[in-house]
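Summary of structural features
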Amino acid sequence: RYNGFMFFQGGGGAWFTYLKEAKTNTVVQTNLIHYLPSEVEEVKIEGSLDNFLMQMIVSREAYITFDPEQQNMGNLAISALELSVSMKQIIGVLPIAACTKNITGCEGVAIKSCENADKPIIELRYAEDAKITQNSNCLLIEGKDKDLIKATSRAIYGWYGIMN
């Protein structure tokens, strides 16, 4: 239990809860998230998750981008998938795949980063410390190894209103 929400373990050990959907006022099951809120409380946030959420809702789409040459692509892929599913199924925002560099493997996708954020952009980046930074149209989610997934879970819980 966390802030009045009950959590249940689903497939693969991930967690889910139930939320009231704002438009229809019906209860919906969240997607599977790797960490409980209590496990991601230490992730630092600079800026406003609510502000970025409102930008995504107004735009109805957001880029999820990453450096295709960075380490730990498996953890990055899990983070991108959790974000995409939550954005599309729960928030109603279209996730658009992008890369920060135009190199092999990024053919045919947009080249986007926090430096050229003309629309809402979520940039996933390998870094020593788990942290979320919102600045204008950019949400930078950083972490090392599994901490990137923790930071992603923290952002999702913020969007859902489960954590402040």
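Residues numbered from 1 in each chain as written. Predicted model: local features only at pLDDT ≥ 70, side-chain atom pairs only at ≥ 80, totals over all residues. Heavy atoms only, no water.

Position of Lys101 among the secondary structure elements: in the loop between β7 (94–99) and β8 (110–111). Separated by 11 residues in sequence, Lys101 and Lys112 have C-alpha atoms that sit 7.8 Å apart. Engagement of the side chain of Lys101 in a polar contact is seen with the side chain of Glu69, the distance being 2.7 Å. (Helix = DSSP H or I, 4+ residues; strand = E, 2+ residues; numbered from the N terminus. Polar contact = N/O pair within 3.5 Å; in protein donor to acceptor, adjacent residues only side chain to side chain.)

A cluster of nonpolar side chains, contributed by Met6, Phe8, Tyr18 and Val27, occupies part of the molecular surface with about 370 Å² of accessible area. Tracing the chain through its elements places Met6 in the segment before β1 (8–9). For Met6, a relative accessible area of 39% puts it in the partly exposed group. (Patch = residues over 30% accessible without salt bridge, like charges linked within 9 Å, V, L, I, M, F, W, Y side chains within 5 Å. Areas by Shrake-Rupley, 256 points an atom, 1.4 Å probe, with all protein chains shown as cover. Salt bridge = Lys/Arg side-chain N within 4 Å of Asp/Glu carboxyl O. Buried < 20%, exposed > 50% of the residue type's maximum accessible area, 1.4 Å probe, protein only.)

Another point: the sheet that holds β8. Strand pairs in the sheet, formed through backbone hydrogen bonds, run parallel or antiparallel to each other. Spatial ordering of the open sheet is given by β5-β10-β11-β9-β6-β7-β8, a layout of 7 strands whose pairing is mixed. Two strands close off the open sheet at either side, each with one partner strand: β5 (44–46) and β8. Sheet topology places strand β9 (residues 121–126) next to strand β11 (residues 138–143); 6 bridges connect them, and they run parallel. Bridged to Tyr126 within β11 is Gly143. (Pairing = 2+ DSSP bridges.)

Quick look at unusual backbone geometry now. We note that Asn3 has phi near 45°; this positive angle belongs to a residue other than glycine. The topology assignment puts Asn3 in the segment before β1. A relative accessible area of 52% means that Asn3 is categorised as exposed. If you check the backbone angles, Ser136 has positive phi at about 55° while not being a glycine. Of note, Ser136 is situated in the loop between β10 (131–135) and β11. Look at Ser136 and you get partly exposed, because its relative accessible area is 49%.

Attention now goes to the state of the cysteines. Defined simply, a disulfide is a covalent bond joining two cysteines at their sulfur atoms. If you walk through the whole model with that rule in mind, you get 2 disulfides. Covalently, Cys99 is tied to Cys106 through a disulfide, its sulfur atoms 2.0 Å apart. Negative torsions about the S-S bond denote left-handed disulfides, and the value of about -80° found for Cys99 with Cys106 makes this one left-handed. In this structure Cys99 comes out as buried when scored by relative accessible area, which is 3%. The disulfide bridge from Cys114 ends at Cys138, spanning 1.7 Å between sulfur atoms. Placement of the pair is Cys114 in the loop between β8 and β9 and Cys138 in strand β11, with a sequence separation of 24 residues. Each member of the pair Cys114 and Cys138 is classed as buried. (Disulfide = S-S within 2.5 Å.)

Before going further, it helps to examine the packing of helix α1 (residues 49–59) against helix α3 (residues 146–160). Axis separation between α1 and α3 bottoms out at 9 Å; the angle between their running directions is 75°. Taken together, α1 and α3 sit at an angle that is classed as roughly perpendicular. Note on element contacts: α3 touches α1 through Arg154, Ala155, Gly158 and Trp159, opposite Leu49, Asp50, Phe52, Leu53 and Met56. Grouping the constituent residues of the contact of α1 with α3 by class yields 6 nonpolar, 1 polar and 2 charged. (Axes fitted to C-alpha atoms, helices over the stretch in contact; angles between N-to-C directions. Parallel < 35°, antiparallel > 145°, perpendicular 65-115°, else oblique. Contact = heavy atoms within 4.5 Å. Nonpolar A, V, L, I, M, F, W, Y, C, P; charged D, E, K, R; others polar.)

The next thing to look at is the pairing of β10. Of the pairings in the sheet, the one linking β5 to β10 comprises 3 bridges and is parallel in character. Looking at the pairing, Ile45 lines up with Ile132 of β10. Across 5 bridges, β10 lies against β11 in antiparallel orientation. Bridging from a neighbouring strand, Thr133 pairs with Leu140 of β11. In sequence, β10 turns back onto β11 through a hairpin of 2 residues, with Ser136 there showing a positive phi of about 55°.

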